[in-house]
2 protein chains.
Amino acid sequence: MFKVNDNYLKLPGSYLFSTIGKKVNAYSAAHPDKKIIRLGIGDVTQPLAPAIIDALHGAVDEMGKAETFHGYAPDLGYEFLRNAIAENDYKARGCDIAPDEIFVSDGAKCDCGNIQEIFSLDNKIAVCDPVYPVYVDSNVMAGRTGTYDPKSETWSDVIYMPCLAENGFAPELPKETPDLIYLCFPNNPTGATITKAQLQEWVDYANKVGAVILYDAAYEAYISEPDVPHSIYECEGARTCAIEFRSFSKNAGFTGVRLGFTVIPKDLKSGDVSLHALWARRHGTKYNGAPYIVQRAGEAVYSAAGKAQLKEQVAYYMNNAHYILNGLKEAGFTVSGGVNAPYIWLKAPNGMTSWEFFDYLLENVNVVGTPGSGFGPSGEHYFRLTAFGSYENTVEAVDRLKKIRL
Amino acid sequence: MFKVNDNYLKLPGSYLFSTIGKKVNAYSAAHPDKKIIRLGIGDVTQPLAPAIIDALHGAVDEMGKAETFHGYAPDLGYEFLRNAIAENDYKARGCDIAPDEIFVSDGAKCDCGNIQEIFSLDNKIAVCDPVYPVYVDSNVMAGRTGTYDPKSETWSDVIYMPCLAENGFAPELPKETPDLIYLCFPNNPTGATITKAQLQEWVDYANKVGAVILYDAAYEAYISEPDVPHSIYECEGARTCAIEFRSFSKNAGFTGVRLGFTVIPKDLKSGDVSLHALWARRHGTKYNGAPYIVQRAGEAVYSAAGKAQLKEQVAYYMNNAHYILNGLKEAGFTVSGGVNAPYIWLKAPNGMTSWEFFDYLLENVNVVGTPGSGFGPSGEHYFRLTAFGSYENTVEAVDRLKKIRL
């Protein structure tokens with residue numbers, strides 16, 4: 001008689017965004033006349049840039065002719081894309097990453113979720129708190145997190161690194177030594193980031209204790225300050241301790257196009273076993289490549305026209321971010337983020353919990369955000385707003401938020 | 001200090017197709033004047049059909065305008081695609097499958113590789129021998145297969161079901177009871193298939209012993225005989241014991257486009273835990289959907305124009321299959337498959353091993369096939385040819401094969 005993976009049954013409740021969806025739908029059904037503005041989910045709204053549309057059309061035409069048709073893609077991704085990534089995202093920033101250390105995939109979420117698979121089940125993970133739920137949930141499913149305490153909303157075998165106003169939302173080195181350290185900067189959900197010097201401390205620490213840093217740099221395109229690293233490989237020694245995840249979702253609006261990549265330097269080893277070889281084996285066995293047309297679209301992100309158009313697109317969203325940040329500051333809210341990231345992290349006023357504030361905003365000003373507690377216990381009393389809406393909706397949402405009197 | 005997943009280290013050697021690639025490249029480098037014809041890998045060669053190209057262009061245009069831009073796709077896939085699948089692949093064949101039992105993905109390889117994750121690690125798998133390597137390798141990586149015996153090339157905790165000429169390349173019910181049974185019909189690599197009555201026996205058996213059948217129907221479009229089932233849900237009782245994997249790779253040439261789906265009926269349960277819910281949780285946590293433009297391309301597969309064009313495309317490949325099958329029969333080879341599948345299964349002459357025959361063909365007639373032993377011990381002395389080449393190359397390859405005198 002077959003049995004299921006019991007670890008799945010340990011996962012508490014439903015996924016954050018489905019709970020939000022249900023609440024919004026219920027309100028909407030009861031109040032069909034109200035215009036709800038969603039500044040909750042991290043999905044983009046601007047259309048794909050013209051250079052990307054052109055590349056897609058061109059690649060589609062290629063697929064329609066026998067001479068230029070493309071079947072299965074190479075395991076690691078097409079060279080034209082890996083070369084463009086190595087050149088623009090790494091070499092141009094002084095990082096020593098070769099094209100064959102880059103694994104093209106259908107997105108950072110899949111890679112962040114799957115990466116734990118190449119590690120031993122008794123490895124201990126450390127995560128920021130609050131945190132992107134995928135890091136923890138994928139380890140729960142694998143059976144690496146121990147037991148869940150519903151009261152504290154924490155797992156017994158996970159090391160939590162609180163990110164609070166007191167530490168500038170930057171984690172401190174953990175007291176207990178982890179094997180795998182998930183870091184995401186610029187951060188989802190807090191919008192905070194760390195300097196190159198701070199990241200160098202993490203790299204030195206990981207090399208010292210023999211840990212691997214799983215570095216999620218999905219939001220690097222939003223960095224505006226000079227001393228913030230775009231890649232962990234800007235730090236010395238990262239080649240022996242860090243895996244980096246990148247996405248095209250937020251810098252190029254690919255949430256519905258699906259493209260990302262993972263970098264595993266060949267120097268990253270456990271004894272003589274290279275993590276690069278293990279991930280290559282996983283890629284070859286359980287994955288079949290990103291679509292050719294999508295990889296051509298990814299290449300266009302690095303073209304001169306693509307770069308110029310996407311710079312404008314990021315600027316559009318960051319203009320929203322500044323509008324939210326400054327508007328809410330003026331209105332007396334406690335806010336952070338929004339400078340190097342499309343996320344604004346807002347303290348719920350008057351000691352309200354995250355969900356109380358969610359309900360209050362939905363019902364009173366018809367604005368939807370994301371309850372910070374959904375990202376972990378240290379997110380309680382916080383609230384995430386995103387800059388991915390249209391400018392018009394963002395302005396209207398901020399105007400409504402300014403009017404509330406609590 | 002971090003540790004790797006040791007199970008990965010148990011995997012023997014490199015992936016079958018990379019070994020073939022290396023041998024072909026070496027020969028090609030040494031003999032640059034020779035024209036090598038590849039009838040080895042299962043990749044398609046015909047361009048995408050016009051109806052699909054039109055759908056792709058249309059969807060790309062939508063992505064370029066804010067009003068019709070699509071971000072993150074719904075977790076299970078777009079309704080327009082799931083409705084088309086439910087209607088055409090299931091309802092039209094009398095199968096009771098609802099759109100919300102269909103999970104759209106980026107391909108059957110990923111789903112076949114990932115599905116084992118929702119089952120307990122102590123579940124025992126049964127596989128046909130020979131078999132598509134992904135089923136076994138993904139279970140090795142998870143730690144479900146015991147120890148490897150290099151002599152017999154088998155795993156201690158896997159139940160092998162030999163598929164040989166004696167049983168018409170159809171597996172017999174195993175003596176030891178499995179928890180998970182991988183079946184693939186029409187079969188890769190043998191090209192054999194089973195009748196609806198035979199498949200009904202498997203469904204009855206699985207329901208009796210409490211096993212789940214993981215049914216890979218990636219090649220169903222190639223079925224030409226009337227009593228061969230296109231879906232396992234044509235069998236009574238399959239809703240309580242079977243998961244089905246489908247692909248757009250071979251019926252619509254999507255190997256480089258990436259689209260597939262998995263069906264998990266809501267009646268498939270372990271106690272009160274539904275496998276549908278577990279897979280939905282995995283999908284939601286570790287996957288982010290197939291691209292919108294690709295899902296629109298998938299929808300076009302079911303349009304009137306798409307159906308007509310793809311019928312021709314499948315007929316083109318099956319014409320190749322018949323040419324290979326009949327040509328080799330005439331030449332005195334022992335061959336099977338090629339009637340309901342794009343694969344021809346050929347017995348190596350004169351007691352040669354699969355790899356001996358591979359080397360012989362590469363060196364003497366410059367034709368590349370796939371050694372049957374690469375698919376499992378019972379594939380030894382066999383050889384797989386595929387019908388996915390161009391007609392001209394197929395004819396030339398068969399002419400060359402006819403000339404060999406062993």
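Looking up chain A in an unreviewed UniProt entry gives the name LL-diaminopimelate aminotransferase, with the organism given as Waltera intestinalis. Among the UniProt annotations of chain A, the heading Pathway (unreviewed entry) holds the following wording: "Amino-acid biosynthesis; L-lysine biosynthesis via DAP pathway; LL-2,6-diaminopimelate from (S)-tetrahydrodipicolinate (aminotransferase route): step 1/1."

## Here's the deal with the side chain of Asp106 of chain A
Among the secondary structure elements, Asp106 of chain A is positioned in the loop between strand E2 (102-105) and helix H5 (108-114). It turns out Asp106 of chain A is buried and unbridged, and the closest side chain with the opposite charge, Arg258 of chain A, is 5.5 Å from it. Not counting residues within four places of it along the chain, the set of residues in contact with Asp106 of chain A comprises Arg258, Leu259, Gly260 and Tyr287 of chain A together with Asp106 and Tyr287 of chain B.

## Brief notes about the domain arrangement of chain A
Residue and element names in this part refer to chain A. On domain assignment, one finds that chain A holds domain 1 (13-47 + 305-403) and domain 2 (52-303). Computed over C-alpha atoms, the centres of domain 1 and domain 2 are 25 Å apart. Counting residues at the interface gives 32 residues for domain 1 and 39 residues for domain 2. Between domain 1 and domain 2 lies a buried interface of about 2,700 Å² when both sides are counted; carbon and sulfur atoms form 57% of it. Connecting domain 1 to domain 2 are zero salt bridges. Along the contact surface separating domain 1 from domain 2 lie 13 residue pairs in polar contact (both at pLDDT 80 or more).

## Let's talk about the packing of helix H10 (residues 304-330) of chain A against helix H12 (residues 391-403) of chain A
All names here are of chain A. Look at H10 against H12: their axes get within 10 Å of each other, and the N-to-C directions meet at 10 degrees. In terms of orientation, H10 and H12 fall into the roughly parallel class. On H12, the residues touching Tyr316, Asn319, Asn320, Tyr323, Ile324, Gly327, Leu328 and Glu330 of H10 are Tyr391, Glu392, Thr394, Val395, Val398, Asp399, Leu401 and Lys402. Partitioning the contact of H10 with H12 into residue classes produces eight nonpolar, four polar and four charged.

## Structural notes on the packing of aromatic side chains
The final tally for this structure, using the stated rule, is 48 aromatic pairs over all chains. Centre to centre, the rings of Tyr132 of chain A and Tyr135 of chain A are 5.4 Å apart; their planes meet at 80 degrees, and the pair counts as edge-to-face. When sorted by exposure, Tyr132 of chain A lands in the same class as Tyr135 of chain A, which is buried. Between Trp345 of chain A and Tyr382 of chain A the ring centres are 5.3 Å apart and the planes differ by 5 degrees, which places this aromatic pair in the stacked class. Residue Trp345 of chain A is found in strand E14 (residues 343-347), and its partner Tyr382 of chain A is found in strand E17 (residues 382-386); the two are separated by 37 residues along the sequence. Taking relative accessible area as the criterion, Trp345 of chain A reaches 1% and is therefore assigned buried. Within the aromatic cluster, the residues linked to one another by ring pairs are Tyr90, Tyr233, Phe248, Phe254, Phe261 and Tyr302 of chain A. Looking at Arg296 of chain B, its charged tip hangs above the ring of Phe80 of chain B, at a distance of 3.7 Å from the centre.

## Considering the UniProt feature "domain: Aminotransferase class I/classII large" (unreviewed entry) in chain A
When the UniProt feature table is mapped to this numbering, "domain: Aminotransferase class I/classII large" (unreviewed entry) covers residues 35-401 of chain A. Between the first and last C-alpha atoms of residues 35-401 of chain A the distance is 14 Å; the span itself is 35% helix and 17% strand.

## Observations concerning the UniProt feature "binding site: pyridoxal 5'-phosphate" (unreviewed entry) in chain A
All names here are of chain A. What UniProt calls "binding site: pyridoxal 5'-phosphate" (unreviewed entry) maps, in this numbering, to Tyr72, Ala108, Lys109, Tyr132, Asn188, Tyr219, Ser247, Phe248, Ser249, Arg258 and Asn288. These residues run over 217 residues, and the two farthest C-alpha atoms among them are 33.7 Å apart, placing them at more than one spot. On the secondary structure map, Lys109 appears in helix H5. Among the structural elements, Ser249 can be located in the loop between strand E9 (242-247) and strand E10 (260-263). Not counting residues up to four positions away in its chain, the partners in contact with Ser249 are Val44, Phe254, Thr255, Arg258 and Leu259.

## Points about the interface of chain A and chain B
Counting residues at the interface gives 79 residues for chain A, matched by 79 residues for chain B. By the criterion of area lost to chain B, the three top residues of chain A are Phe2, Tyr72 and Arg281 of chain A, representing 13% of everything that side buries. The tally of links between chain A and chain B comes to four salt bridges. Two residues, Asp137 of chain B and Arg281 of chain A, come together in a salt bridge whose shortest N-O distance is 3.3 Å. For the interface between chain A and chain B, the tally reads 35 residue pairs in polar contact (both at pLDDT 80 or more). Those elements that place two or more of their residues in the side of chain A that touches chain B are helix H1 (7-10), helix H3 (50-63), H5, helix H6 (133-142), strand E11 (269-270), helix H8 (275-286) and helix H9 (292-301) of chain A. Looking at the side of chain A that touches chain B element by element, the count peaks at eight residues for H8 of chain A. Looking at side-chain class alone, the side of chain A that touches chain B contains 37 nonpolar, 26 polar and 16 charged residues.

## Some words on the nonpolar core
Ranked by internal contacts, the top residues of the largest apolar core, which has 224 residues, are Ile52 of chain A together with Ile52 of chain B. Beyond its immediate sequence surroundings of up to four residues, Ile52 of chain A is in contact with Ala252, Phe254, Ala297, Ala300, Val301 and Leu310 of chain A.

What counts, and where the lines are drawn
Residues numbered from 1 in each chain as written. Chains lettered and ligands numbered in written order. Predicted model: local features only at pLDDT ≥ 70, side-chain atom pairs only at ≥ 80, totals over all residues. Heavy atoms only, no water. UniProt positions renumbered as here; feature names shortened; annotations may be inferred. Helix = DSSP H or I, 4+ residues; strand = E, 2+ residues; numbered from the N terminus. Buried < 20%, exposed > 50% of the residue type's maximum accessible area, 1.4 Å probe, protein only. Lys, Arg positive; Asp, Glu negative; His and termini not counted. Salt bridge = Lys/Arg side-chain N within 4 Å of Asp/Glu carboxyl O. Contact = heavy atoms within 4.5 Å. Domains from an automatic or database assignment. Buried area = accessible area lost by both parts, 1.4 Å probe. Polar contact = N/O pair within 3.5 Å; in protein donor to acceptor, adjacent residues only side chain to side chain. Axes fitted to C-alpha atoms, helices over the stretch in contact; angles between N-to-C directions. Parallel < 35°, antiparallel > 145°, perpendicular 65-115°, else oblique. Nonpolar A, V, L, I, M, F, W, Y, C, P; charged D, E, K, R; others polar. Phe/Tyr/Trp six-rings, centres within 6.5 Å; stacked < 30°, edge-to-face > 60°. Lys NZ or Arg CZ within 6 Å of the ring centre and 35° of its normal. Core = buried A, V, L, I, M, F, W, Y, C linked by side-chain atoms within 4.5 Å.

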